[in-house]
Amino acid sequence: MIRSHRCLVNFFFLLLAASSVVSAQLANCQNYGTPLNSTDCKCPAYVSGRNCENVICRRYAVPDKDRCACAPGWYDKFCGLRGCRPPNEDQMDLEKRSLIVVFNTKTTMKSQLDTLKHNFNEMVSKVMRNSFGTRTPWIDNYIVYGFVKSGSNLHIQSEFVYDSDDVINYLNNLKLYDGDDTQPVLTAVKNSQQIFPKMKSHAIVLVFTDSPASDATPWSHRFTDKNAEQDVLQISLLWRSKYYFFLSLPKEADFSSDGVDVYRRLALTNHGDTFFIQDSNELSNVLLSVIGSQYFPENVAVGYGLTRDETVTTYVDNDGDSLFFLLTVNPLTDSKLPAISDAKLLVEGPSYRLYTRPSTIGDTVTISSSSGSVYNYRMFIQSKNTILFNYNDDMVIDVGNGMAVIGIDMFSTMETYGFPQWANTSYDVRSTDGKLLREKYFASERSQKDCTFTHGFPAWPTLECPPGPITQLHTFYYNGFYQQRVTPGYCIESDHNDEHPNGATWNSQEEHMETSQGDTIQCNRRNIEAINDPRLEEARQYIFILEQHSANEQIYNTLAMEISQILYLTNVTTEKSYKKEFTLIVHDSEESHVLLSSYNPILFIERFQSLVSSLTLIPNLDNTMGLLSIIQAQKMNIQPTAQVYYFTNQAVKNVQNISRHWDIIRKDMEVNFFTIADGVTTEIFALPKQLELVQKMSNGRLIPLGKTENTLYPLFADMMGVNTLTTDNEQYNCHDAPLEINGYVEDGAEYSVIQVIGTGLKTVSMQDSNGVLIANKDYIIYQNPNFISMKMKSNLFASGIWKLSALVTAGGCQITVRQKTSIGMILGFTSSNNDDISSTQIISQRSLSGLHPIFVPIKTTGGVTPTNLELQIVNRKRYDQPQSYSNSTITPRDANSCTYNFVSESLVVPKNELVTLTVSGFDSGKLVLHRIFYYYQHLPADPSKDTLESTVGIEYANHLQYIPMECVAAIPVFMETFVKSVGL
């Protein structure tokens, strides 16, 4: 596919959306939809409905209120296509898995149910113990899904538990019903993996039935059919679940029918197993011996539908590891079970044999078969070392699945877990019976940074791939030996459309916007996305960054103890919605890790406390990867706007520079720094220069803490609801003379938070706009020797321009005023006063042209009118000496054609590293608006960065801004259209 075509497709969508009309009476849109008029909404990706009331979970994610629990690697609000993000490590913890029981609750299945109950605990005990006797409680949870169809009635019984005894209790209470001769088995297998959001990947799925599947259809490799078999297969490829079918079929069953043959097909496409059970003893043996051996099962070789002897090379992680061989046949055919002479037979039945032997790397084993017999084998080891392997058609995309689309060049991405560092790795493609379909491709490290899947393979021209299941054989090369794994895959057929490749279509008729008469400035294209820009509201994501300095331990203990109280300061959840996202990032001198990110506050609190208590802390840490953590935070910000809480010790004097542009911080993130005293540093502004810049650029706070703090809760109570910065002044000498400033308190705000920083604070005084002196002590929420935070409700004092001052014992000081208010305001930058599609960064910052006239469009809510825009130059060496550069009047724009309802005069932004823009407004003599924004410009100019965002400013592409900009918007739209067409 041609990437430039993708960009044109998406750019057309953007222009079309921008020309829509917004009425004065706006619809009540849900799930962050944008009102287009009084009745209709423009929904975000993966949300539908007239009012955006329906969330669409992609890639068989599990719906959870208005969010989606994604398969491993698919970290996103709705598990959609995305560019590179660092791995959400808790979500990628593959050592905790689920065990799922899907049971057909017909009365004819009573004997099987009794056998399962009788053997379940012993089976689980065996599953959790490897061949050396080492026990690992790796089954995190259990799902039981009972189903039976009787005429028009469908009886469902399901439960999610954490203990095997609870499974038995639930099985004891399962009700059995008379059922039809055929049953919706495939739908049950699908639903069992789609209803419980806490389900883990790599699940063992045990399916019990004595009926053909009523929902089976003829085998099709065209996935636009979207049948039940394809659903079940795709779930297994995304969630890496393994299917084991226990079939007690009647002798008269037609094994050639789709209702029966579908079990064979799913077993071979999933690299699973089918057992034909004749009695309770046989079921007991399979449960205890075969399933009991599935301790972290890793397939190293498979073959299905074989008719010949097979000599296989044994691959184990370490010499002496146990290797298992499971051989199966259909007992109702004339096929005889094969044998292995140099392995120990553990258990056998009419349809299976399980062998084992201790092996060394590179041994060979021969499977001897009888003439005319058809058999399957699966060679597996017990190992926590595993891989995730995906296909996709664009290496810009981080994620994928196990499906290769025939006729499209398919790239591959991979991540390994637990393996020793290998010298190289390759994969080749084989048919299910082992025939080579494509030679080896070797891996290389991906050029993109911070990907969940760190290695990629060249594009595979798939025209020669036969439709149907395939096997990828992965080889890991070490010094003198190999290791091997196999993974299931599928070559699927797809519909093609010459005019619109892969079915991508769009509406070619533009909707014309209303026009207004008179001299009011009208916009050429309306910025629909900015109507509900998240920066207009309070934060939706909270990101904790913890530096792994050993002297921070007491502060982290306090944070972990209070994390539940802190999270519930916000409206985290309702009956139908998860309102926030929570993230934990840690770093030392070498690495930065996203340990956890979750929309579920209960899960986050539990895991946060566990992860922080086990965090490795390092003494004498003085140089860290803090900048990388800042980049990681921006990439993990899927619920803007985000508040970041970065904890650092004053002993850390440096952060390592990294090769990426960390110094342009997105305007949908506020980074707040908690500096923890080291007992030596006396300068209260002790923060590495790079972090100091991040704090200013993001309108963040600087909060000095002592070595020990009994509580942090009041600090967060003052931060989490506050959404404006109205005053920010500092002075480098506050001990000889106090810092005396004007503090700006907007009329109509709910409350104000005034914070003062200084080494040894001596006096702080406040006087409202009527000259009333305010007693500080009555409003102090949090205080330590170097910091005071005061919170005042607006109805207690006169709004407007206050007088504030601070005196300290040594060094400088800072005073800030922030407010919680319902009045939202955002601004941007354009090259014309009738542009509504604006950049969030100064558009001249990457230009070689020097002084470059620009306009500042401004959007306010609540009917507030801004009147003046002041531009100040800030010297990074002396933040306390800003210089006023220019003042501009602000003009209203046409509300029907412009989302940004005001615009400044043309102004010139000087090529200074740091500037501030302050927007103010008065109404009937009252101060209704005073907002400060910091902006940073690269010096010297960097022409290579003159990209789409800096010239056109597609503000709403921010969530993909780390993907190459020539196709940043095309990926979620064009690719999503394609994958929907093939049912991925």
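Quick caveat, the model's predicted, so the values are computed rather than measured. (Residues numbered from 1 in each chain as written. Predicted model: local features only at pLDDT ≥ 70, side-chain atom pairs only at ≥ 80, totals over all residues. Heavy atoms only, no water.)

A.B. asks: Help me get a handle on the sheet that holds strand β29 (residues 541–547), residues and values and all.
C.D. replies: Either a parallel or an antiparallel arrangement is found when strands of a sheet pair, and the pairing is made through backbone hydrogen bonds. Read across the sheet, six strands follow the order β31-β30-β29-β33-β35-β36 without closing on themselves; strand pairing throughout is mixed. Of all the strands in the sheet, the pair left with one neighbour each is β31 (592–598) and β36 (702–705). The average undirected angle you get between the axes of adjacent strands in this sheet is 20°. Relative to β31, strand β30 (residues 581–587) runs antiparallel, the two sharing six bridges. Residue pairing in the sheet places Ile 585 in a bridge with Val 594 of β31. (Pairing = 2+ DSSP bridges. Helix = DSSP H or I, 4+ residues; strand = E, 2+ residues; numbered from the N terminus. Axes fitted to C-alpha atoms, helices over the stretch in contact; angles between N-to-C directions.)

A.B. asks: Hey, could you go over the pairing of β29 for me, with residue numbers and the actual values?
C.D. replies: Burial analysis of β29 places seven of its seven residues in the buried class, the great majority of the element. Every second residue of β29 is oriented toward a common face, with Gln 541, Ile 543, Ile 545 and Glu 547 on one face and Tyr 542, Phe 544 and Leu 546 on the other, all of them buried. Bridge analysis of β29 against strand β33 (residues 642–649) gives six bridges, and the strand direction is parallel. Across the sheet, the residue bridging to Ile 545 is Tyr 646, located in β33. Handedness of the crossover is the feature at issue here: the chain leaves β29, passes through helix α8 (residues 553–567), returns alongside β30, and the resulting connection is right-handed. (Buried < 20%, exposed > 50% of the residue type's maximum accessible area, 1.4 Å probe, protein only. Right-handed = clockwise from strand over helix to strand, strands pointing away.)

A.B. asks: Account for the UniProt feature "domain: EGF-like" (unreviewed entry) in the protein, with residues named and values stated.
C.D. replies: UniProt's entry tags residues 41–52 with the feature "domain: EGF-like" (unreviewed entry), counted in the numbering of this structure. The straight-line gap between the two end C-alpha atoms of residues 41–52 is 7 Å; of that span, 0% is helix and 33% is strand. (UniProt positions renumbered as here; feature names shortened; annotations may be inferred.)

A.B. asks: Describe the confidence of the model for the protein, and please don't skip the residues or the numbers.
C.D. replies: Looking at the protein, the pLDDT average stands at 88 and 89% of residues meet or exceed 70. A low-confidence stretch, residues 497–517 (pLDDT under 50), is modelled with 47 contacts involving residues beyond four sequence positions or located in other chains. Between residues 941–984, whose pLDDT stays under 50, and residues either more than four places distant or in other chains, the model counts 127 contacts. (pLDDT = per-residue confidence, 0-100. Contact = heavy atoms within 4.5 Å.)

A.B. asks: Which residues make up the packing of helix α2 (residues 110–127) against helix α3 (residues 164–172), and what are the values?
C.D. replies: Remark: α2 packs on α3, axes separated minimally by 10 Å, with the N-to-C direction vectors making an angle of 175°. Considering their axes alone, α2 and α3 lie roughly antiparallel with respect to each other. Here Leu 113, Leu 116, Lys 117, Phe 120, Asn 121 and Val 124 of α2 lie close against α3, whose contacting residues are Ser 164, Asp 165, Val 167, Ile 168, Leu 171 and Asn 172. Class assignment for the residues of the contact of α2 with α3 results in seven nonpolar, three polar and two charged. (Parallel < 35°, antiparallel > 145°, perpendicular 65-115°, else oblique. Nonpolar A, V, L, I, M, F, W, Y, C, P; charged D, E, K, R; others polar.)

A.B. asks: Pulling in residues and values, what's your account of the side chain of Gln 294?
C.D. replies: If you trace the backbone, Gln 294 turns up in the loop between α7 (280–290) and β13 (297–306). Using a relative accessible area of 0% as the deciding quantity, one classes Gln 294 as buried. In this structure the side chain of Gln 294 is engaged in a polar contact, spanning 3.0 Å, whose partner is the backbone oxygen of Val 290. In this structure the side chain of Gln 294 is engaged in a polar contact, spanning 3.1 Å, whose partner is the side chain of Ser 293. Not counting residues within four places of it along the chain, the set of residues in contact with Gln 294 comprises Val 127, Trp 138, Ile 204, Tyr 244, Arg 378 and Phe 380. (Polar contact = N/O pair within 3.5 Å; in protein donor to acceptor, adjacent residues only side chain to side chain.)

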